[in-house]
Amino acid sequence: MPEENMAPSPAAIEVRKNETARLYEALSNGQVVGTLAYETTGGRFSLTHSYVDPDQRHRGIASALARHALEDLSRNQGQARIGIYCGFVADYVQAHPAWKDSVDINRSAFIATYTARDTTTRIMTSDELS
């Protein structure tokens, strides 16, 4: 298989913190291919929403973002727990129990969003249903 057709491994993904935009950014070949947003309230950090370009999904990019953000925030947050409002990061923590004592997961605050992949699904209006 030619090398250009191979999916990048998680090791090929660089993650950086963009404090101005309050994002962790995943880069592949110098291009941002995914983000994980964070907020700061009263000195407490919360991870709020992740996004990976549809053609880059299932390559470990979101996991690399979650891991990097949790490691970075746990180093800088001290004893305060990290708030998790992102469904993917909550699932990541569930799959990696070593993080459970460092976070507060708030699944009731998750916001349903549509991604570019979801735009082919059409939602019918109430007039169309009757």
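Heads up: the structure comes first, above all this text.
Novice: Provide a residue-level description of the environment of arginine 57, including the pertinent values.
Specialist: Inspection of the secondary structure puts arginine 57 in the loop between strand 4 (44-52) and helix 1 (61-77). Each C-alpha atom of the pair arginine 57 and glycine 34 lies 9.1 Å from the other, and the pair is 23 residues apart in sequence.

Novice: I'd love a proper account of unusual backbone geometry, names of residues and values included.
Specialist: Even without being glycine, asparagine 29 reaches a positive phi, approximately 55°. Here asparagine 29 is to be found in the loop between strand 2 (23-28) and strand 3 (31-41). Accessibility expressed as a relative area gives 78% for asparagine 29, which makes it exposed. Of note in this structure, histidine 58 is not a glycine but carries a positive phi near 65°. Looking at the secondary structure, you find histidine 58 in the loop between strand 4 and helix 1.

Novice: I'd like a description of the packing of aromatic side chains, backed by residues and values.
Specialist: Counted under the stated rule, the structure contains two aromatic pairs. Seen from their ring centres, tyrosine 24 and tyrosine 38 are 5.3 Å apart, and the 50° between their planes marks the pair as tilted. Taken together, the residues tyrosine 24 in strand 2 and tyrosine 38 in strand 3 connect sequence positions 14 residues apart. Classification of tyrosine 38 by relative accessible area gives buried; the value is 4%.

Reading guide: rules and limits
- Every chain begins its residue count from 1, and numbering advances along the sequence as written.
- Where totals are concerned, whole chains, interfaces and linings use all residues; where local detail is concerned, this predicted model gives features only for residues with pLDDT of at least 70, and gives and counts side-chain atom pairs only at 80 or more.
- Neither water nor hydrogens contribute to the side-chain values; these are computed over all heavy atoms in the structure.
- The helix count covers DSSP runs of H or I at least four residues long, the strand count covers runs of E at least two residues long, and both are numbered beginning at the N terminus.
- In this scheme, a residue with accessible area under 20% of its type's maximum is buried, one over 50% is exposed, and one in between is partly exposed, where area comes from a 1.4 Å probe on protein chains only.
- For this analysis, a ring pair means two rings from Phe, Tyr or Trp (six-membered ring only for Trp) whose centres lie within 6.5 Å, classed as stacked if their planes differ by under 30 degrees, edge-to-face if by over 60, and tilted for the remaining angles.

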